[in-house]
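# Observations on chain architecture
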Amino acid sequence: MLQAGDKAPAFKAADQNGTMHALKDYKGKKVVVYFYPQDSTPTCTKEACNLRDNYALLSERGISVLGVSPDDEKSHQKFATKQGLPFTLLADADLKMAHAFGVWAWKKFMGREYWGILRTTFLIDEKGKIAHVIEKVNSGDHAQQILQTWGLAE
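Below is a short write-up of the structure. (Residues numbered from 1 in each chain as written. Predicted model: local features only at pLDDT ≥ 70, side-chain atom pairs only at ≥ 80, totals over all residues. Heavy atoms only, no water.)

### Focus on the overall build of the protein chain
Under the convention used in this document: Secondary structure elements follow DSSP: runs of H or I of four or more residues count as helices, runs of E of two or more count as strands, with numbering from the N terminus. Atoms considered for the radius of gyration are the C-alpha atoms alone. The globule rule reads 2.2 Å times the number of residues to the power 0.38. Residue contacts follow a heavy-atom distance rule, with two residues in contact if any of their heavy atoms lie within 4.5 Å. Values of accessible area rely on a 1.4 Å probe in the Shrake-Rupley scheme; residue burial ignores everything except the protein chains shown. In this charge count, Lys and Arg are treated as positive and Asp and Glu as negative; neither His nor the chain ends contribute. Every charge is mapped to an atom, namely NZ of Lys, CZ of Arg, CG of Asp or CD of Glu.
Counting its secondary structure elements, the protein chain contains five helices and nine strands. Put simply, the protein chain runs from its N terminus to its C terminus through helices and strands in the order β-β-β-α-α-β-α-β-α-β-β-β-β-α. The globule rule puts the C-alpha radius of gyration for 154 residues at 15 Å, and the 14 Å found for the protein chain is close to it. In the protein chain, once contacts between residues fewer than 6 apart in sequence are set aside, the share between residues at least 24 apart is 63%. When the accessible surface of the protein chain is totalled, it reaches about 7900 Å², and 50% of it is carbon and sulfur. Seen as two clouds, the 20 positive and the 18 negative side-chain charges of the protein chain have centres 2 Å apart.

This is the structure:
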């Protein structure tokens, strides 16, 4: 997995509306790239809704939010519409972003082992470097966790 100080991997992926996004589009901005396992699951919904509810505050601090999962554009569109998400969800069905960021890994849950996304958030600075990595995501208070980690909390 990438660490603070590493250059963020260049990426290009479609969002829930089919619009392409690349890291270079965010040069000069703070960017949160948060990886989550699956649209419309309880914990992923809790995390997305916390970011939605605090989106204005994040935006005021100059932070762009990009959610990434292996779901396709159609699934993202349904999830974003149902939950009223104001930020971008990137489709990573080919797992290129997950592999580049090092979050596709062997997981264990309730005695079952499988490959999946490690819920991880990368805070990328204006120069495209990873400023912080949040590996222990607090889904219910993720926006505040991001602001505190970046030193932007009130």
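What follows picks up the thread again.
### What about helix α5 (residues 142–150)?
Stated formally: Exposure categories follow from relative accessible area, calculated using a 1.4 Å probe and restricted to protein chains: below 20% of the type maximum is buried, above 50% is exposed, and the middle band is partly exposed.
Residues of α5 that are buried: His 142, Ala 143, Gln 145, Ile 146, Leu 147 and Trp 150. The secondary structure elements touched by the buried residues of α5 are β3 (30–35), α1 (42–53), α2 (55–60), β4 (63–69), β8 (120–124) and β9 (130–134). Directly after α5, the chain includes Gly 151, whose backbone phi takes a positive value near 75 degrees.

### Examining the environment of Lys 108
Along the chain, the position of Lys 108 falls in strand β6 (residues 104–109). Distance in space between the C-alpha atoms of Lys 108 and Leu 58 is 32 Å, their sequence separation being 50 residues.

### What about the state of the cysteines?
Note: disulfide means a covalent bond formed between the sulfur atoms of two cysteine side chains. Keep this limit in mind: By convention in this document, the label disulfide applies to cysteine sulfur atom pairs within 2.5 Å.
A complete count under the given rule lists zero disulfides for this structure. Considering cysteine sulfurs only, Cys 49 is the nearest to Cys 44, which forms no disulfide, with 11 Å between them. Residue Cys 49 is classed as buried on the basis of its relative accessible area of 12%.

### Notes on the pattern of salt bridges
Applied cut-off: A pair is scored as a salt bridge if a Lys or Arg side-chain nitrogen falls within 4 Å of a carboxyl oxygen belonging to Asp or Glu.
Scanning the model with the defined rule gives six salt bridges in all. Where Glu 47 meets Arg 119, a salt bridge forms, and the shortest distance between an N and an O atom there is 2.7 Å. Pair noted here: Glu 47 is in helix α1 and Arg 119 is in the loop between β7 (112–117) and β8, with a separation of 72 residues, a long-range link. Across the pair, exposure class does not vary: Glu 47 and Arg 119 are buried alike. Measuring nitrogen to oxygen at the nearest pair gives 3.7 Å for the salt bridge that ties Glu 113 to Lys 108.

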